[in-house]
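Residues per chain, in single letters:
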Amino acid sequence: MTQTAAAPRPPEAAVPLLEARALTKHFAVHHPGRAVRRQAAGGRRRGPAPAVHAVEEVSLTLPQAGITAVVGESGSGKSTLARMLARLITPTSGKLLLDGAEVPVVTRGRRAYARDVQLVLQDPFSSLNPVHGVRYHLERPLRLHGLNGQGASLEEAMTGLLERVALTPAEQFLSKYPHELSGGQRQRVAIARALAVRPRVLLADEPVSMLDVSIRLGVLNLLGDLRERDGLAILYITHDIASARYLAEAIMVMYAGQVVESGPAEVVTDSPAHPYTKLLLSAAPDPDRAEPPSLAGSGAPPSLVAPPGGCRFHPRCPHAMAVCAVSSPPGTELAAGHVSACWLHATGLDAAQAQPLAAADELKSSAPSSAPEGGEET
Ligand code: SF4
């Protein structure tokens, strides 16, 4: 059975601004030693080439004036997904649609696409060139995309951008260098640079994770304002499910390259269905809890070169059943738009499939070695 990647639905039946259908990305693993050995063996390859299975069949829709959050730990594939949506890397398979029209895989037309879809990176300290001032960072995209001569003068366009991200007085910020700005101010300049080309979609990849806690809220509120004021479609990528609930209308939870749960933000956070979502929520900051939030002690995400068979979460899952180790769970719609890919929600499992995984493993190891494969368990 194949996993059905769950996708948040747009609030209305309108064509979404940006849509991904079953996007998949596998990165080939290049190992110099292996190439030398293969050459020695006459160029013959033993078995399929190893690959990092970074993203598997992920579908999502980004409606106009909507914020969708993608939540997951490091290595869950969220950033790879954002880079595919920004067309910075080419998907292994799957489709991308802008305004309902398929975006070609070829690099031609990339500049026009970048005008509609902009990516804001996580690290405001490295995403701005330290030898250039704010003026350079804003002027360059305006000139590259030929937007400096439309209506407002270049100067007005740049000060207008800084005012949109609440960096005022704008004239003073234009002459500053990145090292003269705080982390929050740098991230605002990075957002202003993205806005320079008048995008309709903003892909924000962990935009506040490297900022002090005290200034995160300001940047999150800025993203909310851009959605309200300018009708931007925003993809908010984060490992912090609490901030996703604060900002987004829809949440998509990813684990080891796959979508495990998705739905309206309040439903996913108030009534989480998937064990991994529950784990993320248990590690979210909570003023009523004495101990600091942490995922330590709950296992680690698997290697994506050889991910576990069946449900990829099964080695960490306290509810894992025999079926979880061999078959990928299908997506089950639990309520309108709320989908969870977990065997706990499936019906029709037989007793052998539903037995706890530890018990199933014990049974297997105690079975006589001469027992026929697939024979009846006792
Ligand atoms: Fe995965 Fe099974 Fe746990 Fe569900 S119960 S999360 S399918 S291991």
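Residues numbered from 1 in each chain as written. Predicted model: local features only at pLDDT ≥ 70, side-chain atom pairs only at ≥ 80, totals over all residues.

A closer look at the site of the ligand
Okay, so step 1: The local shell around the ligand holds 14 residues, among which Cys311, His314, Cys317, Cys324 and Cys342 are the closest.
Okay, so step 2: Its residues assigned to classes, the shell around the ligand comprises eleven nonpolar, three polar and no charged. (Near = placed C-beta within 6 Å. Nonpolar A, V, L, I, M, F, W, Y, C, P; charged D, E, K, R; others polar.)

What about the pairing of strand E4 (residues 93-98)?
Okay, so step 1: Where strand E1 (residues 18-28) and E4 come together, five bridges link them in antiparallel fashion. When the bridges of E4 are listed, Arg21 appears paired with Lys95.
Okay, so step 2: Summarising the sheet, E4 and strand E5 (residues 101-102) pair through two bridges and their orientation is antiparallel. Its bridge partner being in E5, Leu97 is matched across the sheet by Glu102.
Okay, so step 3: Counting the residues in the hairpin turn of E4 and E5 gives two residues, including Asp99, whose phi is positive at 55°. (Pairing = 2+ DSSP bridges. Helix = DSSP H or I, 4+ residues; strand = E, 2+ residues; numbered from the N terminus.)

Observations concerning the packing of helix H4 (residues 134-144) against helix H7 (residues 183-195)
Okay, so step 1: Interaxial distance between H4 and H7 falls to 8 Å at its minimum, and their mutual angle equals 20°. Here H4 is positioned roughly parallel relative to H7, judged by the angle of their axes. Viewed along their axes, H4 and H7 form a crossing whose handedness is right-handed. Mapping the contact onto sequence places Val134, His137, Leu138 and Pro141 in H4 and Val189, Ala192 and Arg193 in H7.
Okay, so step 2: Taken together, the residues that form the contact of H4 with H7 break down as five nonpolar, one polar and one charged. (Axes fitted to C-alpha atoms, helices over the stretch in contact; angles between N-to-C directions. Parallel < 35°, antiparallel > 145°, perpendicular 65-115°, else oblique. Left-handed = near helix turned anticlockwise from the far one by under 90°. Contact = placed C-beta atoms within 7 Å.)

Here we look at the sheet that holds strand E3 (residues 67-71)
Okay, so step 1: Read across the sheet, eight strands follow the order E6-E7-E8-E3-E9-E10-E12-E11 without closing on themselves; strand pairing throughout is mixed. Since the sheet does not close on itself, it has two edges, and those belong to strand E6 (117-120) and strand E11 (331-335), each with one partner. Taken pair by pair, the neighbouring strands of this sheet meet at an average axis angle of 20°, ignoring direction.
Okay, so step 2: Note: strand E10 (residues 258-264) against strand E12 (residues 338-341), two bridges, orientation antiparallel.

A short note on helix H2 (residues 78-85)
Okay, so step 1: Burial analysis of H2 places seven of its eight residues in the buried class, the great majority of the element.
Okay, so step 2: For H2, the set of buried residues is Lys78, Ser79, Thr80, Leu81, Ala82, Met84 and Leu85.
Okay, so step 3: Looking at the residues trailing H2, positive phi occurs at Arg87, about 60°. (Buried ≥ 20, exposed ≤ 12 C-beta atoms within 10 Å, placed from the backbone.)

Let's talk about the environment of Thr159
Okay, so step 1: Relative to the helices and strands, Thr159 resides in helix H5 (residues 154-164).
Okay, so step 2: Taking the C-beta count within 10 Å as the criterion, Thr159 has 20 such neighbours and is therefore assigned buried.
Okay, so step 3: Each C-alpha atom of the pair Thr159 and Ala192 lies 9.9 Å from the other, and the pair is 33 residues apart in sequence.

Some words on the pairing of strand E9 (residues 250-255)
Okay, so step 1: Counting buried positions along E9 yields six of six residues, so the element is predominantly enclosed.
Okay, so step 2: Of the two faces of E9, the one holding Ala250, Met252 and Met254 and the one holding Ile251, Val253 and Tyr255 are both buried throughout.
Okay, so step 3: Sheet topology note: the E9/E10 ladder contains six bridges and is antiparallel. For Tyr255, the partnering residue across the bridge sits in E10 and is Gln258.

Quick look at the confidence of the model for the protein chain
Okay, so step 1: For the protein chain, per-residue confidence averages 85 on the pLDDT scale, and residues scoring 70 or more make up 81% of the total.
Okay, so step 2: Below pLDDT 50 for its whole length, residues 1-7 participates in 29 contacts with residues either more than four positions away or in separate chains.
Okay, so step 3: When the criterion is pLDDT under 50, residues 367-378 qualifies, and its contacts beyond four places in sequence or with other chains add up to two contacts. (pLDDT = per-residue confidence, 0-100.)

Quick word on the nonpolar core
Okay, so step 1: One finds Ala69, Leu85, Leu203, Leu235, Tyr236, Ile251 and Val253 to be the most contacted residues of the largest nonpolar core, which totals 88 residues.
Okay, so step 2: Once residues lying within four places of it in the same chain are set aside, the contact partners of Leu235 are Leu62, Thr68, Val70, Ala82, Leu85, Leu203 and Ala204. (Core = buried A, V, L, I, M, F, W, Y, C linked by C-beta atoms within 7 Å.)

Focus: the sheet that holds E5
Okay, so step 1: One open sheet accounts for four strands, arranged E2-E1-E4-E5; its pairing is antiparallel. Both outer strands of the open sheet, strand E2 (51-62) and E5, are each paired with one neighbouring strand and no more.
Okay, so step 2: The sheet contacts of H2 involve E1, E2 and E4, and relative to E1 the element is tilted by about 115°.

Overview of the environment of His274
Okay, so step 1: With respect to the helices and strands, His274 occurs in the loop between helix H10 (265-270) and helix H11 (275-282).
Okay, so step 2: Residue classification places His274 among the buried residues on the basis of 27 C-beta atoms within 10 Å.
Okay, so step 3: Taking C-alpha positions, His274 is 9.0 Å from His345, a pair spaced 71 residues apart along the chain.
Okay, so step 4: Once residues lying within four places of it in the same chain are set aside, the contact partners of His274 are Val253, Val260, Glu261, Ser340 and Cys342.

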